[in-house]
Amino acid sequence: MTFAMAMETLKTANRMAMGTPFSSVVCSEGGVPVTDSLGAEYPIDHGLEDVSRDDIVVICSGADVRKNCTPAVLQWLRKCARQGCEIAGLYTGAWVMAEAGLIGEEAITIHWENRNSFAEKFPDVELSDYTYTVRNKRYSTAGGTAVIDLLLTLISEAESPELANLVADQLMYTNIRVLQHSARVQVAERIGMRHPKLSEILALMETNLEEPLRPGDLAKTVNISTRQLERLFRRYLSATPKKYYMDMRLQRAQHLLLQTSMSVTEVSVACGFNSSSHFSRLFRARYGMSPHRLRGEPEKG
């Protein structure tokens with residue numbers, strides 16, 4: 001979706017400008033076709049060839065970002081950076097930028113599913129809560145429609161705000177978000193939860209996965225009783241606070257196992273488990289396989 005919207009926004013800009021102020025070339029390692037998330041192949045113009053310092057290099061990476069961080073891609077990106085190119089990372093593209101060492105003091109953003117694993121992998125890189133970032137020739141988006149926001153900003157700077165507005169109108173995208181729009185999607189928003197107290201509790205849980213809070217402490221923080229806490233979870237989430245909290249921690253563990261090279265022990269600690277064996281038992285019960293098997297690794301004795 002991110003790739004398609006980026007290309008469509010540029011095409012619309014050229015049409016509305018009645019010319020071709022923007023040209024794009026689609027590259028891949030080896031120049032081979034790339035399969036998108038729907039299983040379709042997109043034609044590639046050429047491989048990772050030389051670029052001009054006036055070009056903007058845009059990295060569009062999918063959910064399994066680690067497989068895109070190949071030595072050839074990272075080396076090519078470093079070369080582009082040395083030439084002075086502007087570089088943008090869409091969806092999970094910031095991960096590739098960080099892996100290549102292209103992010104300095106500027107904050108970067110990434111899709112919310114990858115935030116925890118990104119922070120574990122790159123602790124010295126500042127993560128932004130914005131839907132997109134623009135700073136020091138380094139750009140990023142959190143995925144989804146945020147790519148339109150970024151490209152409209154770049155179109156406005158390269159051509160004119162009037163052209164950017166025309167493009168937005170053509171895309172039926174009249175509510176252009178500014179940089180202050182947050183990319184952090186709280187768990188309550190993701191599940192459509194609007195109860196204020198429960199939303200506060202879920203946010204507390206999500207920000208305290210490494211050192212889980214006790215139900216009594218959660219209730220006290222939002223000024224309700226433990227019994228009220230239990231009732232809220234039963235009514236709105238059909239689960240106990242303890243079970244729901246555990247599921248959140250195990251889901252974070254799944255993300256870290258798939259998106260980082262952290263050991264199973266390191267993942268268990270990062271998700272609030274004191275014992276790796278206890279964590280593995282709970283993970284197997286939740287996902288039907290051990291953490292090692294999820295990664296395709298041999299089982300530990």
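Quantities reported herein were computed from a predicted structural model and do not represent experimental measurements.

One non-glycine residue with positive phi stands out, namely Tyr-91, at about 65 degrees. By the element assignment, Tyr-91 lies in strand E4 (residues 86–91). The phi dihedral of Ser-238 is positive, around 50 degrees, even though this residue is not glycine. Residue placement: Ser-238 occurs in the loop between helix H10 (226–237) and helix H11 (241–259). Ser-238 sits in the exposed class, given a relative accessible area of 68%.

One finds Val-57, Leu-77, Ile-87, Trp-95, Val-96, Ile-108 and Phe-118 to be the most contacted residues of the largest nonpolar core, which totals 25 residues. Elements represented by at least two residues in this core include exactly strand E3 (56–61), helix H2 (71–82) and helix H3 (93–99). At 6 residues, the largest contribution of residues to this core is made by H2. Trp-95 has contacts with Val-65, Arg-66, Cys-69, Ile-110, Asn-114, Ser-117, Phe-118, Lys-121, Phe-122, Gln-259 and Thr-260, leaving out every residue within four places of it along the chain.

Definitions and cut-offs
- Residues numbered from 1 in each chain as written.
- Predicted model: local features only at pLDDT ≥ 70, side-chain atom pairs only at ≥ 80, totals over all residues.
- Heavy atoms only, no water.
- Helix = DSSP H or I, 4+ residues; strand = E, 2+ residues; numbered from the N terminus.
- Buried < 20%, exposed > 50% of the residue type's maximum accessible area, 1.4 Å probe, protein only.
- Core = buried A, V, L, I, M, F, W, Y, C linked by side-chain atoms within 4.5 Å.
- Contact = heavy atoms within 4.5 Å.

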